[in-house]
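Coordinate analysis (summary)
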Amino acid sequence: MALPLTAAHRRSIAIAFATVLIVCYFMTIGHEGNYTSFKTLSTQWSIPKDSAVVLDTIEAPSQSTSSSRSKPSPSFANVIPQVSPPPRRANATLVMLARNNDLNGVISSVEQLEARFNRKFNYPWVFLNDEPFSTDFKRRVSVLTDANVSFGLVPREDWIQPDWIDEGRAQEGRNKLVRQGVIYGGSVSYRNMCRFNSGFFFRHELLTPYKWYWRVEPDVRYYCDLDYDPFLFMEDRDKVYGFTISMPEWEPTIPSLWSTVKDFIAEHPQYVSPDNSMDFLSDNAGDSYNMCHFWSNFEIADMDFWRSEAYTKFFEYLEKTGGFYYERWGDAPVHSIAAALFTRKDQIHFFKDIGYKHAEFAHCPQGKQWREGHCSCDPNDNFDFAQNSCLRHFMRLHD
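Things to note about the packing of aromatic side chains
Evaluated as defined, the whole model comprises 46 aromatic pairs. Aromatic pair Trp 214 and Phe 298: ring centres 5.7 Å apart, planes at 65°, arrangement edge-to-face. One end of the pair, Trp 214, is in strand E4 (residues 212-216); the other, Phe 298, is in the loop between strand E8 (292-294) and strand E9 (299-302), and 84 residues separate them in sequence. Residue Phe 298 is classed as buried on the basis of its relative accessible area of 0%. Taking 5.6 Å as the distance between ring centres and 50° as the angle between the ring planes, the aromatic pair formed by Tyr 222 and Tyr 356 counts as tilted. You can see Tyr 222 sitting in strand E5 (residues 221-222) and its partner Tyr 356 sitting in strand E11 (residues 356-358), a full 134 residues away along the chain. By relative accessible area, which is 4% here, Tyr 222 ends up buried. Above the face of the Tyr 123 ring, Arg 89 is positioned so that its terminal group lies 4.4 Å from the ring centre.

See below:
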């Protein structure tokens, strides 16, 4: 038989009922736009009051709390932080051909490019030399960047004058240019460098892993901040070759180059792009060469283009003539002619926002780009539309 409820029993039931209602209330209401009060209470219970509370993070419970209160609710399991993916990068490197005695000029160029660009993007550096780099060179250059740095030796066969070159004829050509007062007219080493840059640098074992490169020279100036990635800019827009300065080549150094190019085109018309940049190279539809070229001491370009069948066949055709040594064919006109003929004209890009100077020739951005790039160059010291600049020839491609 049921026992009658006493007053004490009734009070206990009322208290229990009220407690259930209160707990339910706190479990079902929440702060506006935030987590439920239950989670807030759970966090407060598991962190001592004198601890710093980090939102969206559930701290491990303190040892002094009871197991019943510190055990997380199944509905509020530990939050897995969302990790942002690493920033997208191009398969690219900065490359410099230098010698040990270029050290001070190398340091100057690397310091500037790191400060203006690469400290933000951390692209690797590759340094190449036709002789081993000294320990001091490697130590003093490596300390300038947090990026990976590699030092490589140019294979002898890629650098020296080939055995099949007629040295007597080559010497006669050098003497002729010396008499004409042509810079590097008598230098075999300069010819070695031009030939290496024309046909071999992109095959070096330290560069074969990469697609894109930015060519850097000792003792150049970089005037402006660059806050975007030019490699990705080129890649995303299907560009192939980028430059800052263009000018005419010394005609006495390449007297037979254009006739050789015309012979190659006649034999291999399939390599010429229908939408090419012949109007940059010639003022008469290709009959003669106006000597315009992109100054190759600054290049941001796609090495897969140099590795392509079209360029490989082109270089081999030039190589067998001996023009790199019998005359003084430079890598600038060789690269420029190939890029202009074998790519579409929209695949060549003028980096007008990159302030740059080599020797006495400078490109200084103008107007808004000069201000936004915090450029240190004088806007009036700008070769773009000087009398002997070829930029206007490039600009007319897009008129």
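There's more to say after this.
Concerning the pairing of strand E2 (residues 125-129)
The element E2 is extensively covered by neighbouring structure, given that five of its five residues are classed as buried. Both faces of E2 are covered, namely the face carrying Trp 125, Phe 127 and Asn 129 and the face carrying Val 126 and Leu 128. Pairing analysis gives four bridges linking strand E1 (residues 92-97) to E2, with the strands arranged parallel. Bridge pairing links Leu 97 to Leu 128 in E2. Between E1 and its parallel partner E2, the chain crosses via helix H4 (residues 103-121), and the hand of that crossover is right-handed. Sheet analysis places E2 next to strand E3 (residues 149-153), joined by five bridges and oriented parallel. Counterpart to Leu 128 in the pairing with E3 is Gly 152. As for the winding sense of the linkage, the β-α-β connection from E2 through helix H5 (residues 135-142) to E3 is right-handed.

Description of the sheet that holds strand E12 (residues 361-363)
Across the sheet, three strands lie side by side as E5-E11-E12; this open sheet has antiparallel pairing. The open sheet has two edge strands with one neighbour each: E5 and E12. Note: E11 against E12, three bridges, orientation antiparallel. Looking at E12, one finds that Lys 357 is bridged to Ala 362.

Some points on empty space enclosed by the protein
Inspection of every chain in the model, using the stated rule, returns three cavities of 30 Å³ or more. Volume-wise, the largest cavity comes out at about 80 Å³. Around the largest cavity sit Val 95, Met 96, Leu 97, Leu 128, Phe 196, Asn 197, Phe 201, Arg 215, Val 216 and Glu 217, which together line it. Residue assignment for the lining of the largest cavity shows that the elements contributing at least two residues are E1, helix H8 (188-199) and E4. Considering each element in turn, the lining of the largest cavity owes the most residues, three residues, to E1. Of the residues assigned to the lining of the largest cavity, the class counts are seven nonpolar, one polar and two charged.

Looking at the packing of helix H13 (residues 309-319) against helix H15 (residues 331-342)
For the pair H13 and H15, interaxial distance at closest approach is 11 Å and the crossing angle is 140°. Between H13 and H15, the angle is such that the two are oblique. For H13 against H15, the interelement crossing comes out right-handed. For the pair H13 and H15, the contacting residues are Ala 310, Tyr 311, Phe 314 and Leu 318 in the first and Val 334, His 335, Ile 337, Ala 338 and Phe 342 in the second. Classifying every residue of the contact of H13 with H15 gives eight nonpolar, one polar and no charged.

Thoughts on unusual backbone geometry
Even without being glycine, Tyr 184 reaches a positive phi, approximately 60°. Tracing the backbone shows Tyr 184 in the loop between helix H7 (167-179) and H8. The partly exposed category is assigned to Tyr 184, whose relative accessible area is 44%. The backbone of Asp 219 sits at a positive phi, close to 60°, despite the residue not being glycine. The topology assignment puts Asp 219 in the loop between E4 and E5.

Definitions and limits used
Residues numbered from 1 in each chain as written. Predicted model: local features only at pLDDT ≥ 70, side-chain atom pairs only at ≥ 80, totals over all residues. Heavy atoms only, no water. Phe/Tyr/Trp six-rings, centres within 6.5 Å; stacked < 30°, edge-to-face > 60°. Helix = DSSP H or I, 4+ residues; strand = E, 2+ residues; numbered from the N terminus. Buried < 20%, exposed > 50% of the residue type's maximum accessible area, 1.4 Å probe, protein only. Lys NZ or Arg CZ within 6 Å of the ring centre and 35° of its normal. Pairing = 2+ DSSP bridges. Right-handed = clockwise from strand over helix to strand, strands pointing away. 1 Å grid on protein atoms, 1.4 Å probe; cavity = no way out; pocket = protein on both sides within 12 Å on 5 of 7 lines; lining within 4 Å. Points joined across faces, edges and corners; volume = space filled by probe spheres on them. Nonpolar A, V, L, I, M, F, W, Y, C, P; charged D, E, K, R; others polar. Axes fitted to C-alpha atoms, helices over the stretch in contact; angles between N-to-C directions. Parallel < 35°, antiparallel > 145°, perpendicular 65-115°, else oblique. Left-handed = near helix turned anticlockwise from the far one by under 90°. Contact = heavy atoms within 4.5 Å.

In short, geometric facts, not functional conclusions.
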